[in-house]
Amino acid sequence: MTDETSQDLRAVEWTGDGLSLIDQTALPARLDRIAVREVDQLVDAIVRLVVRGAPAIGAAGAYGVAIALLQGEREGWTRDQLLAAIARIREARPTAVNLAVCVDRVAPFAGQGLAAVLAEADAVVREDLKANHDMGAYGADWLLKRTAPDRPLRILTHCNTGALATAGWGTALGVIRELHSRGLVELVHADETRPLLQGSRLTAWELDHDGIPHVVQADGAAAGTILRGEIDAAIVGADRIAANGDTANKVGTVGVALACAHAGIPFIVAAPTTTVDLATATGDAIHIEMRDEAEILNWSGVRTAPAGSRGHNPAFDVTPGTLVTALVTERGVLEVSAGELPGDRLR
Ligand code: MRU
């Protein structure tokens, strides 16, 4: 990296005639960017997690409408072909609602031309960045009020929710950054996040770059670490939050929430309102992406499970709202487990 800090990274950037994406599959070994000019390339990048994290794929989807418009002009698409291309982007991954929300927000501008589409996509990114900073302050203030610590805090997080996963700064990692800027982080426990290691490859990379003290631990270590009293609060992001507060996030999150409930420490979800899906009543209705079993059966491209074994690879799980102590959005904090439900407070 040059002189930019990881919090200033832009995982998703419009470059005038296409998208430039940080290739998150190459981190931390290499900070490469890939250029995207075609819808197929964008769908592939979203599916392969070149770009990932709910708000970041929302931003990529927003600019994806511009990609489709430009490709359609080059190749003489009909209106139906354009709409089908936009729909393919929208459906590239099913769980994070941000992707559909952002595509649906920008697509109606396609009829007004590229400048109108780009203006709306830029607004998506601008608003996400601001939401992240607002969440950081709300989340830090709430946690300090709740725990009244006489020392810096020990925080556990799961998956990557930082600049890489958003328009910048981060959601849960934004709260952690805010606490760190106030001198209030003793140590972050970053779950490695099997099977694709978003925690050890991406979160640890962002924390390392910003000089935030941290350790990487196996996902299986999380519950024990919490129950031994080594964690003051867990802060995670979300991919879709139902009206009753049930929260889909990276697989492994619900175990963290259960352990926090047992230990009596706060389990905090930080997510922008673009991740709240009030049309979904409960977590039961959330479509959980199932990924290729090879991600589980292999390690670094080498088969580790017996040839006869099959894999089970849900990318996300659902934490019941009753386990969510606080939901931090850019509009403030809802104490969900105490009955402040998104469906009542965020309509
Ligand atoms: O499969 P991923 O890496 O896209 O999953 C990402 C997560 O689960 C994040 O916690 C969530 O999208 C929030 S990112 C701010």
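All values derive from a computational prediction rather than experimental measurement.

(A) Spatial organisation of the nonpolar core. Val-12, Leu-19, Leu-21 and Val-51 are the most contacted members of the largest nonpolar core, which totals 43 residues. Listed by contribution, the elements that provide at least two residues to this core are β1 (12–14), β2 (19–22), α1 (39–47), α2 (54–75), α3 (79–90), α4 (97–106) and α5 (114–147). The dominant element in this core, judged by the number of residues it contributes, is α2, at 13 residues. Contact partners of Leu-19, with chain neighbours within four places excluded, come to Val-12, Glu-13, Trp-14, Ile-34, Ala-35, Val-36, Arg-37, Leu-42, Ala-60, Tyr-63 and Ile-67. Trp-142, Leu-173, Val-185 and Val-188 belong to the second largest nonpolar core, which has 24 residues in total.

(B) Examining empty space enclosed by the protein more closely. As enumerated under the stated definition, the model contains three cavities of 30 Å³ or more in all. Empty space within the largest cavity amounts to approximately 220 Å³. Those elements that provide at least two residues to the lining of the largest cavity are α2 and β9 (247–250). Among the elements that take part in the lining of the largest cavity, α2 stands out by supplying three residues, more than any other. A per-class count over the lining of the largest cavity returns twelve nonpolar, nine polar and five charged. The two domains that each donate at least three residues to the lining of the largest cavity are domain 1 (6–126) and domain 2 (130–345). There is about 50 Å³ of room inside the second largest cavity. Along its surface, the second largest cavity is lined by Leu-49, Pro-195, Leu-196, Gln-198, Lys-250, Arg-291, Glu-295, Asn-313 and Ala-315. Across the lining of the second largest cavity, the residue classes tally to four nonpolar, two polar and three charged.

Rules of the game
- Residues numbered from 1 in each chain as written.
- Predicted model: local features only at pLDDT ≥ 70, side-chain atom pairs only at ≥ 80, totals over all residues.
- Heavy atoms only, no water.
- Core = buried A, V, L, I, M, F, W, Y, C linked by side-chain atoms within 4.5 Å.
- Buried < 20%, exposed > 50% of the residue type's maximum accessible area, 1.4 Å probe, protein only.
- Helix = DSSP H or I, 4+ residues; strand = E, 2+ residues; numbered from the N terminus.
- Contact = heavy atoms within 4.5 Å.
- 1 Å grid on protein atoms, 1.4 Å probe; cavity = no way out; pocket = protein on both sides within 12 Å on 5 of 7 lines; lining within 4 Å.
- Points joined across faces, edges and corners; volume = space filled by probe spheres on them.
- Nonpolar A, V, L, I, M, F, W, Y, C, P; charged D, E, K, R; others polar.
- Domains from an automatic or database assignment.

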